[in-house]
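Letter by letter, the chains look like this.
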Amino acid sequence: MNQCDKLMAHFEQYGHITALEAWDSYNIRRLASRISDLKKNGIKINKENKRHKVTGQKYVRYSTE
């Protein structure tokens, strides 16, 4: 199973993912690149910019439609 397949399985189960989740769960360090690959294959993916409530750190949460 390649990284894009792992992401699609994750989206089917949970509906969304962040870079930290991708790194921790699947050892995917370049999530944005894998998201780009999925988009090129016709998968519709939403990008939501978020900010951590405590630390204020910015991050992106990707989800499928």
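Here, every reference points to the structure presented above.
Residues numbered from 1 in each chain as written. Predicted model: local features only at pLDDT ≥ 70, side-chain atom pairs only at ≥ 80, totals over all residues. Heavy atoms only, no water.

Trainee: What is the right way to read the overall build of the protein chain from this model?
Mentor: When helices and strands are counted, the protein chain shows three helices and three strands. Taken from N to C terminus, the helices and strands of the protein chain fall in the order α-β-α-α-β-β. Compactness check: the protein chain gives a C-alpha radius of gyration of 12 Å against a globular reference of 11 Å for 65 residues, within 12% of the reference. Once the C-alpha set of the protein chain is aligned to its principal axes, its extents read approximately 35 × 25 × 20 Å. By residue count, 23% of the 65 residues in the protein chain fall in the buried class. Sequence-distant contacts in the protein chain: of pairs separated by 6 or more residues, those separated by 24 or more amount to 41%. Surface accessibility of the protein chain: about 4900 Å² in total, with carbon and sulfur atoms responsible for 45%. Positive and negative side-chain charges in the protein chain, numbering 13 and 7 respectively, have mean positions lying 8 Å apart. (Helix = DSSP H or I, 4+ residues; strand = E, 2+ residues; numbered from the N terminus. Rg over C-alpha atoms; globule rule 2.2 N^0.38 Å. Buried < 20%, exposed > 50% of the residue type's maximum accessible area, 1.4 Å probe, protein only. Contact = heavy atoms within 4.5 Å. Areas by Shrake-Rupley, 256 points an atom, 1.4 Å probe, with all protein chains shown as cover. Lys, Arg positive; Asp, Glu negative; His and termini not counted. Charge placed at Lys NZ, Arg CZ, Asp CG, Glu CD.)

Trainee: I'm lost on the nonpolar core in this one. Help?
Mentor: Proteins that are soluble and globular tend to have nonpolar side chains buried together. Counting 11 residues, the largest nonpolar core is built from Cys-4, Leu-7, Phe-11, Ile-17, Ala-22, Ile-28, Leu-31, Ile-35, Leu-38, Ile-45 and Tyr-62. For this core, the secondary structure elements donating two or more residues are helix H1 (3-14) and helix H3 (31-40). Leu-38 has contacts with Cys-4, Leu-7, Met-8, Phe-11, Ile-43 and Ile-45, leaving out every residue within four places of it along the chain. (Core = buried A, V, L, I, M, F, W, Y, C linked by side-chain atoms within 4.5 Å.)

Trainee: I'm lost on the side chain of Thr-18 in this one. Help?
Mentor: Relative to the helices and strands, Thr-18 is located in strand E1 (residues 16-18). In this structure, Thr-18 is in contact with Leu-31, Tyr-59, Val-60 and Arg-61, ignoring residues within four places of it in sequence.

Trainee: For this particular structure, what's the right way to read the packing of H1 against H3?
Mentor: The geometry of a pair of packed helices is captured by two quantities: the angle between their axes and the separation between those axes. Here H1 crosses H3 at 85 degrees, and the two axes come no closer than 10 Å. Judged on the interaxial angle alone, H3 and H1 are roughly perpendicular. Contact with H1, carried on its side by Gln-3, Cys-4, Leu-7, Met-8 and Phe-11, involves Leu-31, Arg-34, Ile-35, Asp-37 and Leu-38 of H3 and no other residues of that element. Split by residue class, the contact of H1 with H3 holds seven nonpolar, one polar and two charged. (Axes fitted to C-alpha atoms, helices over the stretch in contact; angles between N-to-C directions. Parallel < 35°, antiparallel > 145°, perpendicular 65-115°, else oblique. Nonpolar A, V, L, I, M, F, W, Y, C, P; charged D, E, K, R; others polar.)

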